[in-house]
Amino acid sequence: QVQLVESGGGLVQAGGSLRLSCAASRSIFSFNAMAWYRQAPGKQRELVARITSGGSTNYADSVKGRFTIPRDNAKNTVYLQMNSLKPEDTAVYYCNADFLGISYWGKGTLVTVSS
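Report follows, based on the coordinates. (Residues numbered from 1 in each chain as written. Predicted model: local features only at pLDDT ≥ 70, side-chain atom pairs only at ≥ 80, totals over all residues. Heavy atoms only, no water.)

Attention now moves to the state of the cysteines. Tallying each qualifying case throughout the model produces one disulfide. Here Cys22 engages in a disulfide with Cys95; their sulfurs sit 2.0 Å apart. Disulfide Cys22 to Cys95: torsion about the S-S bond roughly -80°, handedness left-handed. Of the two residues, Cys22 is situated in strand β3 (residues 18-24) and Cys95 in strand β10 (residues 91-99); the sequence distance between them amounts to 73 residues. As far as burial versus exposure is concerned, Cys22 and Cys95 are alike and both buried. (Disulfide = S-S within 2.5 Å. Helix = DSSP H or I, 4+ residues; strand = E, 2+ residues; numbered from the N terminus. Buried < 20%, exposed > 50% of the residue type's maximum accessible area, 1.4 Å probe, protein only.)

Written out as structure tokens, the structure is:
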């Protein structure tokens, strides 16, 4: 069983920055990959950023150059560093972990970017 707890969401003005955290209940090295997804009102959930256990990363085109997905192995935590935020980044952000072929999700944290 895996628990993922997100934090760090909130209200920020366009152009600002925010860092989301995802704390896992076990070593993040045990996961094949961890990722951040987001879901805006009326839209499907979409992949934002992903990092494999080996450290390879990939990003949605819409966030490349603005978002990064660093991790702190000692804290079993993955982050989503979001810079140059835009109103279209407004969404609920979810942490995801792939553990032994099973996908686990956090409950999400709301990010609102005002114009």
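What follows is about the environment of Ala91. Positionally, Ala91 belongs in strand β10. Residue classification places Ala91 among the buried positions, given a relative accessible area of 2%. With 82 residues separating them in the primary sequence, Ala91 and Gly9 have C-alpha atoms 9.8 Å apart. Once residues within four sequence positions are removed from consideration, Ala91 is found in contact with Arg38, Gln39, Ala40, Thr109, Leu110 and Val111. (Contact = heavy atoms within 4.5 Å.)

Looking now at unusual backbone geometry. Within the chain, Ser84 stands out as a residue other than glycine whose phi angle is a positive 50°. Assignment of secondary structure puts Ser84 in the loop between β9 (77-82) and β10. Ser84 sits in the partly exposed class, given a relative accessible area of 41%. For Leu100, which is not a glycine, the phi torsion comes out positive at approximately 55°. With respect to the helices and strands, Leu100 occurs in the loop between β10 and β11 (102-105).

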